[in-house]
Amino acid sequence: MADAKVIPFGEDPRARRTARRPVNGTAVPLTPVPEARTGDRPRPAPPAARGGRSLDERLAGGLRFLRRRLTGEYEVDDFGYDEELTDQVLMSLLRPLAEKYFRVDVRGVENIPAEGGALVVANHSGTLPLDGLMLQTAIHDHHPAERHLRFLAADLVFVLPVVSALARKAGHTLACAEDAQQLLERGEVVGVMPEGFKGIGKPFADRYKLQRFGRGGFVSTALRAGVPIVPCSIVGAEEIYPMIGNARTLARVLGLPYFPLTPTFPWLGPVGALPLPTKWTIQFGEPIATDGYPPEAADDPMLMFNLTDQVRETIQHTLYKLLVQRRSVFF
C-alpha cells in the first residue's frame, strides 16, 4: 500500500483537495479546487438525504474510496488526522449510534463559530468515553459548516492497541498545551473534558455532579490563542453504564484507572458490555470570548481561576436545567 501524503503543519488541507474522479475511463488531471468560504458551504444533509443515494452510487463511491486507500491518494496532517477516513468510515459507523440508539438531541451548535479556532469544554461521564464520540458526531453532522472536533485525549488512549491508531486517524491528540495551542492557532475546533478519569469513572451515585476541572490549563491555552471557549453540557451518558462499584485491585493489575462494576457487567459477560439505550441531549452554551484580554492574561492565576469557575458553573447549571426538563432517562 502506498504511503499517504502528509500535509505540512500550518497548511490548510482544504486548499490541497483535488478532483480525482475518472471520466469515461480517462483520469482527469489533478486540478486544485479553490477553498470555499465557510459561509458558502451548504448545511449538512439530513439523515434521510444521506441515505438517499442509490445502491450503484454507494458502490461506486466505495470503490473510489478503496482505490484511493490502496494507492495512497489521501492526505493526513502532522497529527495523523485522516479527514477522508473520518468522514467516510468513522462518522458512518458512529452516526447510527447517535441517531437511532441514543437519539441525540443537539442544541445550540451554532454557538461554535463557522470558522477559526474554538475550544469546546464538556462534562465527562459514562464509564466508557462514548460521550466524546457522540460529541464529535454531533458537531460534524449538525454544524452548518460541518466542522470537525479535534479532541485532547488522555495518555491511556495512545498506548492501547488499535484505539491509538483510530484516535490519531480521527484527529485526536495528547492532552497537552503545546498540541492544543497549535491546533487552535491553525483554526481547528478543539475539544477537552477537564474532569478526566475522575469524571468518566465516578460512581453512579455522583451522576451529573461535576468533578474538579484541574488547574484551568484549558483556559490558559484559549487565552494564548485568543479563541472563544464554548461550554457544552451532555445529558444521557451517565446512565449508559451505571457504575455501582470499582474493582480497584483488578484495575491496578490491568494498568487501568478503574475497573467498573455495573448491574450487567461483568455478570452477563459480553452482553453486559452493551450500553443502555438512554436518550441524550447535547447543548452548547454561549461562547466566552478571550480575544479581549492582553497577552499576559494567560499567566494571571486569578483570571484563569475565575474563567475556569465560570465555565464549570455554566456547564453544571445547564446540566441541572436539562435534567429538570427531561421526561425520562430512555425517552
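What counts as what
- Position numbers for residues count from 1 along each chain, tracking the sequence in the order it is written.
- Where totals are concerned, whole chains, interfaces and linings use all residues; where local detail is concerned, this predicted model gives features only for residues with pLDDT of at least 70, and gives and counts side-chain atom pairs only at 80 or more.
- The side-chain quantities take in all heavy atoms of the structure and omit both hydrogens and water.
- Every angle, taken between N-to-C directions, lies between 0 and 180 degrees, and every axis is a line fitted to C-alpha atoms, over only the stretch in contact when it is a helix.
- Helix numbers and strand numbers start at the N terminus; a helix is a DSSP run of H or I with at least 4 residues, a strand a run of E with at least 2.
- Throughout this description, any angle smaller than 35 degrees is read as roughly parallel, any larger than 145 degrees as roughly antiparallel, any in the 65 to 115 degree range as roughly perpendicular, and the remainder as oblique.
- Any two residues having at least one pair of non-hydrogen atoms within 4.5 Å are treated as being in contact.
- Between 30 and 60 degrees the pair is tilted, below 30 it is stacked and above 60 it is edge-to-face, where a pair is any two Phe, Tyr or Trp rings, Trp via its six-membered ring, whose centres lie within 6.5 Å.
- Residue burial is assigned from relative accessible area. The probe radius is 1.4 Å, only protein chains are included, and a residue is buried under 20% of its type maximum, exposed over 50%, and partly exposed in between.
- The criterion for a charge sitting over a ring is simple: Lys NZ or Arg CZ within 6 Å of the ring centre, and within 35 degrees of the ring normal.
- Candidates for patches are residues over 30% relative accessible area with no salt bridge; among them, like charges are joined within 9 Å and nonpolar side chains (Val, Leu, Ile, Met, Phe, Trp, Tyr) within 5 Å.
- Computed with the Shrake-Rupley method and a 1.4 Å probe, the accessible areas treat only the protein chains shown as cover for residues.
- Every case where a carboxyl oxygen of Asp or Glu lies within 4 Å of a side-chain nitrogen of Lys or Arg is listed as a salt bridge.
- In this analysis, strands are considered paired if DSSP registers two or more bridges between them.

(A) Fine view of the packing of helix α8 (residues 217-225) against helix α10 (residues 301-325). Remark: α8 packs on α10, axes separated minimally by 9 Å, with the N-to-C direction vectors making an angle of 110°. Relative to α10, the element α8 lies roughly perpendicular. Contact with α8, carried on its side by Phe218, Val219, Ser220 and Leu223, involves Leu303, Met304, Leu307, Thr308 and Val311 of α10 and no other residues of that element.

(B) Highlighting the packing of aromatic side chains. Tallied over the entire structure, the rule returns four aromatic pairs. Arranged with centres 6.0 Å apart and planes meeting at 35°, the rings of phenylalanine 259 and phenylalanine 265 form a pair that is tilted. Under the relative-accessibility criterion, phenylalanine 265 is labelled partly exposed at 25%. A network of ring pairs unites the aromatic residues Tyr101, Phe102 and Trp280 as a single cluster. Over the aromatic face of phenylalanine 158 sits the side chain of arginine 168, whose NZ or CZ is 4.6 Å from the ring centroid. The ring of phenylalanine 204 carries the charged tip of arginine 207 above its face, separated from the ring centre by 4.1 Å.

(C) Molecular detail of a nonpolar patch on the surface. A contiguous nonpolar surface patch, about 350 Å² in accessible area, is contributed by Leu250, Val253, Leu254 and Leu256. Inspection of the secondary structure puts valine 253 in helix α9 (residues 248-254).

(D) The pairing of strand β11 (residues 281-284), seen in detail. Burial along β11 is two-sided: Thr281 and Gln283 and Ile282 and Phe284, pointing in opposite directions, are all buried. Relative to β11, strand β3 (residues 105-107) runs parallel, the two sharing three bridges. Pairing of valine 106 across the sheet is with isoleucine 282, part of β11.

(E) Quick look at α8. When α8 is considered as a whole, its buried residues turn out to be Phe218, Val219, Ser220, Thr221, Ala222 and Leu223. In this fold, the buried residues of α8 make contact with β4 (118-122), α6 (177-185), β7 (189-192), β8 (229-235) and α10. Positive phi appears at glycine 226, one or two residues downstream of α8, with a value of about 70°.

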